[in-house]
Amino acid sequence: MVFENLSNKLQDTFRKLRGMGKLTEKNIEDSLREVRLALLEADVNFKVVKDFIAGVKGRAIGQEVMNSLTPGQQVVKIVYDELTRLMGEKQSPLTIASQPPTVIMLVGLQGAGKTSTAGKLGALLKKQGRRPLLVAADVYRPAAVEQLQVLGKQQEIPVFHIDGANPVIISDKGKGHAIAYQRDTLIIDTAGRLHLNVKMMDELKQIKAKVKPDEILLVVDAMTGQDAVNVANSFHEAMGLTGVILTKLDSDTRGGAALSIRSVTQCPVKFIGIGEKLDQLEPFYPSRMASRILGMGDVLTLIEKAEANFDPNKAKNLFDKVRKADFTLEDFLEQLREMKKMGPLEQILGMLPGQFTKELKGIQVDEKELVKVEAIIQSMTKQERSNAQLINGSRRRRIAAGSGTSVQEVNRVLQQFEQSRKMMKQFADLSGKGKMPKMPF
């Protein structure tokens, strides 16, 4: 889960605060000391941490909090506001050229995931109705061109390349090709290096001068922490970056890069990579990320993913079943299949507010496990799938034998079904009353 360690530590700190009826200046200072340590452990730039804590403290130790009926919640709100401000406040969209094509130049060090990101960005823009062209300008890394060609073929996006030409010529001719064939967006995958060097920067500057990009986006590995900020600074000074794409945010990253880059470089984070699949690049929303870090969930992104992947008729039918307490094991299986389209289940659960994730702590079904869940449910009789209460000990042994699993695995699926049913009933009840989960302040 994104920023899991940081999120857990901050939530623990604020849980203590909310449990206090009245706050003193010492209570707040003690809590902010824990917040400071949590941010430093997450590899956030120390100057950024210092400014952040000062900003929170200046607002928290004042009439706004001290005279509040819910002082603990007021402090959480202040931290949420400051986290959002730290990461850029608003989502920063791509600059679109008034005269096509819009030229996007991807830069960065080797291993950051530029080529994969080029393919993902192409897929995202194509989904939005644009006609992208990918340009393979990395002529140094073995198989870089072939990798981009494979990614382009997978999503029916053309890839431009000239064998034996240098990157500057390839990029320039690629722009001409885009104009000739009416491709409205050009995505140039430039070469990376293991370290910053003068030759690398000179080549990038020549490409910039030739194609006059509308966006120069630095692709940076979020797992590199403080180094990501240093790399961003170096590229920004040399190239004049317009934005950053953070990759590998689905990994066990401490999160320091995402919280530091905007403040240190003044370059907005425009996109984040949350997985290896082509559809796992998404716009970066500072307010939504702050909400997730503080355990409030990310309901807006969850809704957007659901709208993009769910059949509206199936969704309405499921909603009606949940409201009528008619949600069965067959519905549960169908729901898992639909959720799989939205991405890894762990990421989906990470977008739910804390009040719902408490219900789902036992659910750990990944994509590989889905086959096993399907076998277990299909080994049940029609009556058992319709009424899970019928499944006693002997029936569980029969189902385990029929699905090639163990009784413990059958028990786990039944437990997950019950937890899912309860959670969905909560959502349905809130929706039916015109309410949505609120932030805890």
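Preceding this section is the structure that the text describes.
Scope of this entry: the structure provided in the associated data block. From a predicted model like this one, the values you see are computed outputs, not experimental measurements.

### Regarding the overall build of the protein
In terms of helices and strands, the protein carries 21 helices and eight strands. Within the protein, buried positions represent 50% of all 441 residues. Sequence-distant contacts, at least 24 apart, represent 76% of the contacts inside the protein between residues at least 6 apart. Accessible area for the protein stands at about 21300 Å²; split by element, carbon and sulfur atoms hold 50% of it.

### A closer look at a nonpolar patch on the surface
A contiguous nonpolar surface patch, about 290 Å² in accessible area, is contributed by Leu37, Leu40 and Phe46. By the secondary structure assignment, Leu40 is in helix H2 (residues 25-41). Overall, the relative accessible area of 32% leaves Leu40 in the partly exposed class.

### Some thoughts on helix H20 (residues 393-403)
Along H20, the residues that are buried comprise Ile399, Ala400 and Ser403. Taken around the axis of H20, the buried residues stretch over an arc of 100°, which confines them to a single face. Among the exposed residues of H20, those pointing more than 90 degrees away from its buried face are Arg397, Ala401 and Gly402. Of the residues flanking the end of H20, it is Gly404, one or two places downstream, whose phi is positive at about 70°.

### A short note on the packing of helix H10 (residues 226-239) against helix H11 (residues 256-265)
The geometry of H10 relative to H11 is characterised by a closest axis approach of 9 Å and an angle of 30° between their N-to-C directions. On the basis of the axis angle, H10 is roughly parallel to H11. The hand of the H10/H11 crossing is right-handed. Note on element contacts: H11 touches H10 through Ala257, Ser260, Ile261, Val264 and Thr265, opposite Gln226, Ala228, Val229, Ala232, Asn233 and His236.

### Describing the nonpolar core
Phe235 and Leu246 are the most contacted members of the largest nonpolar core, which has 73 residues in total. Here the element with the most residues in this core is helix H5 (residues 71-86); it accounts for seven residues.

### Observations regarding the pattern of salt bridges
Under the counting rule described, the total for this entry stands at 16 salt bridges. Here Lys26 makes a salt bridge to Asp30, at a shortest N to O gap of 2.9 Å. Of this pair, Lys26 and Asp30 both sit in helix H2, four residues apart, which is roughly one turn of that helix. In this structure Lys26 comes out as exposed when scored by relative accessible area, which is 54%. The exposure class of Asp30 is partly exposed, given its relative accessible area of 27%. Its salt-bridge partner being Lys77, residue Asp81 comes within 3.1 Å of it at the nearest N-O pair. With a gap of four residues between them, Asp81 and Lys77 both fall in helix H5, about one helical turn apart.

### So, unusual backbone geometry
The linkage connecting Pro100 with the following residue, Pro101, adopts the cis geometry, with an omega of 5°. Assignment of secondary structure puts Pro101 in the loop between H5 and strand S1 (102-107). One non-glycine residue, Asp43, adopts positive backbone phi at about 70°. Overall, Asp43 belongs to the buried group, its relative accessible area being 17%. Even without being glycine, Glu156 reaches a positive phi, approximately 60°.

### Points about the side chain of Gln280
Looking at the secondary structure, you find Gln280 in the loop between strand S7 (269-273) and strand S8 (281-283). Given a relative accessible area of 8%, Gln280 falls into the buried group. Only 3.0 Å separates the side chain of Gln280 from the backbone nitrogen of Glu276, close enough to count as a polar contact.

### Observations regarding the sheet that holds S8
Spatial strand order, S3-S2-S4-S1-S5-S6-S7-S8: eight strands in an open sheet with mixed pairing. Strands with a single pairing partner mark the edges of an open sheet, and in this sheet they are strand S3 (159-160) and S8. Of the strands in this sheet, S1, strand S2 (132-136), S3 and strand S4 (185-189) touch helix H8 (residues 167-180), which is tilted by about 160° from S2.

### Quick notes on the packing of aromatic side chains
A complete count under the given rule lists two aromatic pairs for this structure. Their ring planes at 15° and their centres at 5.8 Å tell us that Phe327 and Phe417 sit as a pair that is stacked. Of the two residues, Phe327 sits in the loop between helix H14 (312-323) and helix H15 (329-341) while Phe417 sits in helix H21 (residues 407-432), which places them 90 residues apart along the sequence. Each ring, one from Phe332 and one from Phe417, has its centre 5.8 Å from the other, and the planes form 70°; the classification is edge-to-face. Of the two residues, Phe332 sits in helix H15 while Phe417 sits in helix H21, which places them 85 residues apart along the sequence. Note on accessibility: Phe332 and Phe417 belong to one class, buried.

Calculation criteria
- Residues numbered from 1 in each chain as written.
- Predicted model: local features only at pLDDT ≥ 70, side-chain atom pairs only at ≥ 80, totals over all residues.
- Heavy atoms only, no water.
- Helix = DSSP H or I, 4+ residues; strand = E, 2+ residues; numbered from the N terminus.
- Buried < 20%, exposed > 50% of the residue type's maximum accessible area, 1.4 Å probe, protein only.
- Contact = heavy atoms within 4.5 Å.
- Areas by Shrake-Rupley, 256 points an atom, 1.4 Å probe, with all protein chains shown as cover.
- Patch = residues over 30% accessible without salt bridge, like charges linked within 9 Å, V, L, I, M, F, W, Y side chains within 5 Å.
- Salt bridge = Lys/Arg side-chain N within 4 Å of Asp/Glu carboxyl O.
- Arc of directions from axis to C-beta.
- Axes fitted to C-alpha atoms, helices over the stretch in contact; angles between N-to-C directions.
- Parallel < 35°, antiparallel > 145°, perpendicular 65-115°, else oblique.
- Left-handed = near helix turned anticlockwise from the far one by under 90°.
- Core = buried A, V, L, I, M, F, W, Y, C linked by side-chain atoms within 4.5 Å.
- Polar contact = N/O pair within 3.5 Å; in protein donor to acceptor, adjacent residues only side chain to side chain.
- Pairing = 2+ DSSP bridges.
- Phe/Tyr/Trp six-rings, centres within 6.5 Å; stacked < 30°, edge-to-face > 60°.

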